[in-house]
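# Structure assessment
Below, each chain spelled out in residue letters.
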Amino acid sequence: MSSSAAVRDSAKQILKIIEKLPDERIKHLVSFKDSQAERFRRVAGLQSTDKNEKKASLEDIKDIITRTSGPLGLQKDLLKKVQSALPQDELTEQSIQEQMRALSNISNNKFKNYYDVGEKLYKPAGNPIYYQRIMDEIQGKQKETFLSALRTVVFGK
Amino acid sequence: MIQIVLARNGVLNQARSIPLRSRALLHQSSRLLNEKNPKPEELKSPEDLARQSHLNSKPIDFTNYAPVRPGKKKTLLSDSKYESKDYQLPKWKEAFGELVIRTLNLDMDKVRSGPVAGSYYYALCKNVALQYEGEKLSETAKFFYQDLKLPRTFSQWFQITILHEWLLFVRMRAMPFKYGRNYQQKLVDRTFTDIEARLFDEMNVTTGRIVDQYLKDFNTQLRGAVFAYDEGFYTDDATLAAALWRNLFGGRKNIDMVHLEAMVRYVRSQLYVLSRMSDRDFAVGSFKFVPPDETVERLTAEQEAQLKQKTIEKYESIDNDPKILPSDRSRLSYKN
């Protein structure tokens, strides 16, 4: 197999790993999963998916702007520049293998399992439901009410 | 008056940071540590991991190349003599301080949050990636700016600093609520007073209005980053990697996954070290970040028990000493 074919092949495998990555729980201006899928789709020589489908809708952008005070100090023209610039990757067989190994380590939760911190940090003594509350909120299981939010502001938890 | 105990615990130190050079020796002397890691690549430090990448990508840099220049008063913390290392409090002041603490029955754990979190821990976080134009980079800064190819700017320094502050926040949350929150508050307060001074002094911002805008922006970044890292920490490595990509790496499209993996490893290993520390140890300032060129290995059950035993002995002897100074008292647990 020639090297470029091998690179394309590996890129396809990377795409499979990327597809398995969890979706963002909260919408951001650019998503890691989507941008990397786009990048390796080009390396694999595949057609990029429908552009309109991935672009943030007006509602999404409004949502992001109301959540933050502004698009984080980024000027509009700079944002455009970032969006339009697509760096060309020069991937060799060796480097794409490394990329694949690294990505699969990340997606397999290798380090979370290896360096297990235990309940001590996941259920911190000072505020045992801290992380659970965040997760419930972003997964929409249990929304904060005005009163519970007020309590957090006043008492800190 | 307030002595920050910097004594580092022997066992913890031995197990948490094994420099690469001495690893071979350790391998011979004790096979205990390596039993669970049959593959040698498991033991690579984040720096080695990042350096081994063969991807020759050049990240597109959108910064406007505003260099950080050393200001007029370049000190790590402040000009105050109380924060300098060599300063010794006169004996009479020390005795007077102890008397005040004893008579007013001050809560030393609360008092200590200032010098420990606001001064010592902030200095740790600040120092990790501190850089000035034309000056040699420190070893840790080299990892971030050279190995990970991050831009040498003020806002990048801020991102690296808040990542390290967040690591400390995670541990502070596990302290009793009122103390942990106090420690967090002191750390954040110090960060923003320092940034304000640096923007005037080093970044040559001349008007307070613009500095205020920057501070608000930095505040938004801090909140966003803490939230994203919290989510990643609690859920999985992929989410943590995405949070690091968005915040630390500025969402660069041609990210080197090996670098991302190195950072995930770096973050998780620091948290592991923090999780093995008792409240008391952490609260008196015994923690140091593990440099990126060192490898953190897991403790075995025996080592962990040994470590706990040593910590308990150390603080029991301090607490049971009848001549203990009022300023050395603490109610924080050393058993967890």
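The following refers to the structure shown. (Residues numbered from 1 in each chain as written. Chains lettered and ligands numbered in written order. Predicted model: local features only at pLDDT ≥ 70, side-chain atom pairs only at ≥ 80, totals over all residues. Heavy atoms only, no water.)

So, on to the overall build of chain A. Looking only at helices and strands, one finds 10 helices and 0 strands in chain A. In chain A, which comprises 157 residues, the proportion classed as buried is 36%. Of the contacts made within chain A by residues no fewer than 6 positions apart, 61% connect residues no fewer than 24 positions apart. Counting every atom, chain A has about 9,900 Å² of accessible surface; 54% of that belongs to carbon and sulfur. (Helix = DSSP H or I, 4+ residues; strand = E, 2+ residues; numbered from the N terminus. Buried < 20%, exposed > 50% of the residue type's maximum accessible area, 1.4 Å probe, protein only. Contact = heavy atoms within 4.5 Å. Areas by Shrake-Rupley, 256 points an atom, 1.4 Å probe, with all protein chains shown as cover.)

Turning to the interface of chain B and chain A, a few remarks are in order. The partner chain A presents 59 residues to the 56 residues of chain B that form the contact. Overall, the association of chain B and chain A removes approximately 5,500 Å² of surface from exposure, summing both partners, and the carbon and sulfur fraction of that is 63%. At the surface where chain B touches chain A, the tally comes to 2 salt bridges. Note that Glu231 of chain B is salt-bridged to Arg25 of chain A, the shortest N-O span being 3.0 Å. Along the contact surface separating chain B from chain A lie 28 residue pairs in polar contact (both at pLDDT 80 or more). At the level of secondary structure, the elements contributing two or more residues to the side of chain B that touches chain A comprise helix 7 (154–173), helix 8 (177–201), helix 9 (208–234), helix 10 (237–247) and helix 11 (257–275) of chain B. Sort the elements by how many residues they give to the side of chain B that touches chain A and helix 11 of chain B lands first, with 11 residues. Split into classes, the residues belonging to the side of chain B that touches chain A amount to 25 nonpolar, 12 polar and 19 charged. (Buried area = accessible area lost by both parts, 1.4 Å probe. Salt bridge = Lys/Arg side-chain N within 4 Å of Asp/Glu carboxyl O. Polar contact = N/O pair within 3.5 Å; in protein donor to acceptor, adjacent residues only side chain to side chain. Nonpolar A, V, L, I, M, F, W, Y, C, P; charged D, E, K, R; others polar.)

The next thing to look at is helix 6 (residues 139–147) of chain B. Each α-helix turn comprises 3.6 residues. Residues three or four places apart therefore point the same way. All names here are of chain B. Along helix 6, the residues classified as buried are Ala141, Phe143, Phe144, Tyr145 and Asp147. Buried residues along helix 6 sit in contact with helix 3 (46–51), helix 5 (108–128), helix 7 and helix 11. Just downstream of helix 6, Lys149 is the residue with a positive phi angle, here 55°.

Per the stated rule, a full pass over the model turns up 23 aromatic pairs over all chains. Pairing Phe282 of chain B with Phe287 of chain B gives two aromatic rings, centres 6.5 Å apart and planes at 50°, and the pair type is tilted. Assigned by exposure class, Phe282 of chain B and Phe287 of chain B land together as buried. Taken together, Tyr122, Tyr130 and Tyr131 of chain A together with Trp166, Tyr229, Phe233 and Tyr234 of chain B form an aromatic cluster joined through their ring pairs. Over the ring of Trp157 of chain B we find Arg198 of chain B, and its NZ or CZ is 4.4 Å from the ring centre. (Phe/Tyr/Trp six-rings, centres within 6.5 Å; stacked < 30°, edge-to-face > 60°. Lys NZ or Arg CZ within 6 Å of the ring centre and 35° of its normal.)

The phi torsion at Asn109 of chain A lies on the positive side, around 60°, for a residue other than glycine. Considering the arrangement of structural elements, one finds Asn109 of chain A in the loop between helix 6 (93–107) and helix 7 (110–114). Non-glycine residue Asn204 of chain B carries a positive phi angle of around 55°.

Most often, soluble globular proteins have nonpolar side chains that are buried together. In this structure, Trp166, Leu168, Met172, Leu244, Leu260 and Met263 of chain B are the most contacted members of the largest nonpolar core, which totals 117 residues. Both of domain 1 (3–114) and domain 2 (117–157) of chain A provide at least three residues apiece to this core. The contact partners of Leu260 of chain B, leaving out residues within four places of it in the chain, are Phe32 and Ile106 of chain A together with Ala241, Leu244, Trp245, Phe249 and Ile255 of chain B. (Core = buried A, V, L, I, M, F, W, Y, C linked by side-chain atoms within 4.5 Å. Domains from an automatic or database assignment.)

So, about the pattern of salt bridges. This structure, assessed with the given rule, holds 23 salt bridges over all chains. Put simply, Glu137 of chain A and Lys143 of chain A hold a salt bridge, and the shortest N to O gap is 3.7 Å. Judged by its relative accessible area of 27%, Glu137 of chain A is partly exposed. Classification of Lys143 of chain A as exposed rests on a relative accessible area of 53%. Residue Lys126 of chain B is joined to Asp194 of chain B by a salt bridge in which the shortest nitrogen-to-oxygen separation is 3.2 Å. Within this pair, whereas Lys126 of chain B is found in helix 5, its partner Asp194 of chain B is found in helix 8, the two being separated by 68 residues in sequence. Looking at Lys126 of chain B, the relative accessible area reads 1%, which means it is buried. Shared partners join several salt bridges into a network, and the residues in it are Glu47, Arg51 and Asp147 of chain B.

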